[in-house]
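The primary structure of each chain is shown beneath.
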Amino acid sequence: MSISSHEIIITNIQSGDTISYPIPIIKGVIKNNAKTLCQSDKICLKTTTNTSYFKVTNNNFTILIELGIGENNIDLHYCCSAHPFVINYFPRSTQFTVLPLYIICEGHDGNFQSPNTEVNTTESALKRITLCSKLLQSVIAEKLYEENHGRKTFQLENNCTVFKSRLNYLKARKMNQNELWTAIGEEIVNSNLEYERIKFLGFLSCTNYRGENYHENLDYDDVLKITEAYVALGGGGLALFGTACLYAWPETLSQVIQRFEDRTIIDRTKFMDDSCYKGTLGACFSTTLGSVLHELCHTFDLGHTEVGIMGRGFDDIYKDFLCEERLDQSNDLECQKLKEKSGYGSLGKFVRERRKQKGIVNNIFLTKSCVTILAYHRWLNSFQLSDKVVKFDPLTKLVSSTAGLRVIELRDEENGMVLLHWIFDGRILKYSFKLPEEDLQKYGCKYVVFVEDNHGNILKHVNM
Ligand SMILES: [Zn+2]
Ligand SMILES: [Zn+2]
């Protein structure tokens, strides 16, 4: 028997695993036999229908593949070695789903703003938004997997669909973010879309960046001011976004990695640069995709945290898709300053600590209470409908649920910042918990008690 020169090891998925979303992020390493002299800078992935190549950097690789429903036989080839692999894909059956919408306002042609090197039709927008919604499924699954909750994620109701709004596009361009969110939300509620079981990920086609008003001294807030129908806002059943940076998003899976790596400098006199001051197309894709993840997570009832995806840590979502560290240190510093300016306190210190602990640079994580909320959330599980209820008695401060409590958060009423949390994710259920008086006193009287139980029931009590 001959000994293979290289061992191809998948580190995050086992052959034979079953997942509920179509695009797994497959990570792995190449282990070389001591006597091996040959090597390669790429790994080849073969399926019955497709052959694609991915980079190998310092013996690490990351592979993206779109699976068909059912069993997927994959062959990995590296240099002179091969590794067969099986992943099963079965969408989870559930009534609670997410539907991406491409919202075309009245009078608008549906073409999003883009350089003429990009296709910017409605059809292209649908492809880009569908693909990136699937990538967000993958990111959430990885985050839950990293925290030992298995690869739970949301299910898509359908690919991105056109929603024709009765709101005139010129009127939309005069509205602020809250007005847009409210107007579109009302239209959805009054449409035949089943808003009680579907969360909507909406993108407005008519966003208009007025580059002629750009000059070098503008900071990020000023850039937003020269962008009409700009919005990035999520909560309740709707996360709504502008499309000024949709041109930076890929249309096909094979473009994803290349788009994240694109270091082309954005011409800010023509197109919106939403890249956390990094200025490249790749960073623009990363920041805007990360912000969609952040807002989508608000619709899954997550609050704000000082760090991570629910802070300003979502800019670096590209790190989940690339196998090498491509961060430009000087730009990173600039970005860090911005984050500190944004009022999230001792973020810099925490991130440095976290980097030290993990030995890597990664802001793409959810804090423990956020992960726990998702792990027991209705949109990420196929729970039977529950007749159990969560209760909070403001007099005794007792939280209870006969289904068993999973997570309690105390949030700042003003900005949704998570101040304190209690997690009960063990096997033995906890049915009631008294909020410690001394903790409540510390935060004065204006807070929200957020509770989620083992059946995904949620309670939000505003303490006056
Ligand atoms: Zn070899
Ligand atoms: Zn937010």
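Residues numbered from 1 in each chain as written. Chains lettered and ligands numbered in written order. Predicted model: local features only at pLDDT ≥ 70, side-chain atom pairs only at ≥ 80, totals over all residues. Heavy atoms only, no water.

Q: Can you explain the sheet that holds strand 2 (residues 18-19)? Please cite residues and give values.
A: The 5 strands are arranged 2-8-7-4-5 in an open sheet whose pairing can be described as mixed. Only two strands of the sheet have a single neighbouring strand rather than two, namely strand 2 and strand 5 (51-55). Note: strand 4 (residues 42-46) against strand 5, 5 bridges, orientation antiparallel. In the strand pairing of strand 5, Lys 46 is matched with Thr 51. (Pairing = 2+ DSSP bridges. Helix = DSSP H or I, 4+ residues; strand = E, 2+ residues; numbered from the N terminus.)

Q: How would you explain the state of the cysteines if you had to name every residue and give the values?
A: According to the stated counting rule, one finds 0 disulfides in the structure shown. In this model Cys 105 remains outside any disulfide bridge; the closest cysteine sulfur is found in Cys 206, 4.0 Å from its own. (Disulfide = S-S within 2.5 Å.)

Q: So what about the nonpolar core? Which residues, and what values?
A: Core analysis: the biggest nonpolar cluster contains 96 residues, and Ile 43, Leu 64, Tyr 102, Ile 140, Phe 260, Phe 300 and Ile 317 have the highest contact counts within it. Considering each element in turn, this core owes the most residues, 10 residues, to helix 1 (residues 122-146). Two domains each donate at least three residues to this core, and these are domain 1 (6-89) and domain 2 (97-369). The contact partners of Ile 317, leaving out residues within four places of it in the chain, are Leu 136, Val 139, Phe 260, Ser 286, Leu 289, Gly 290, Leu 293 and Ile 364. (Core = buried A, V, L, I, M, F, W, Y, C linked by side-chain atoms within 4.5 Å. Buried < 20%, exposed > 50% of the residue type's maximum accessible area, 1.4 Å probe, protein only. Domains from an automatic or database assignment. Contact = heavy atoms within 4.5 Å.)

Q: Which residues make up the coordination of the zinc ion (ligand 2), and what values go with them?
A: Around a metal, the perfect tetrahedron of four donors has angles of 109.5 degrees, and the perfect octahedron of six donors has angles of 90 or 180 degrees. Distances from the zinc ion (ligand 2) to its protein donors, namely His 294 (NE2), His 298 (NE2) and His 304 (NE2), fall within the range 2.0 to 2.1 Å. In the primary sequence, the donor residues of the zinc ion (ligand 2) line up as H-x3-H-x5-H. Separated by 4 residues within a single helix, His 294 and His 298 lie in helix 6 (residues 281-299), roughly one turn from each other. Here His 294 matches His 298 in class, with each residue buried. (Donors = N, O, S within 2.8 Å, 3.2 Å for Na, K, Ca; no water.)

Q: Give me the coordination of the zinc ion (ligand 1): which residues, what numbers.
A: Distances from the zinc ion (ligand 1) to its protein donors, His 6 (NE2), Cys 38 (SG), Cys 79 (SG) and Cys 80 (SG), fall at 2.1 to 2.3 Å. Considering all 4 donor atoms around the zinc ion (ligand 1), angles at the metal cover 101 to 131 degrees and the coordination shape is tetrahedral. Written as a sequence motif, the donor residues of the zinc ion (ligand 1) are H-x31-C-x40-C-C. With His 6 in strand 1 (residues 6-10) and Cys 38 in the loop between strand 3 (25-32) and strand 4, this residue pair connects regions lying 32 residues apart in the sequence. We classify Cys 38 as partly exposed; its relative accessible area is 32%. (Tetrahedral: all angles 85-135°; square planar, octahedral: opposite > 155°, others 65-115°.)

Q: Pulling in residues and values, what's your account of the side chain of Thr 243?
A: Take Thr 243: it is sitting in the loop between strand 15 (238-241) and helix 5 (256-260). Taking relative accessible area as the criterion, Thr 243 reaches 0% and is therefore assigned buried. Non-local contacts of Thr 243, meaning those with residues more than four positions away in its chain, are made with Tyr 102, Phe 112, Gln 113, Phe 203, Leu 204, Ser 205 and Thr 207.

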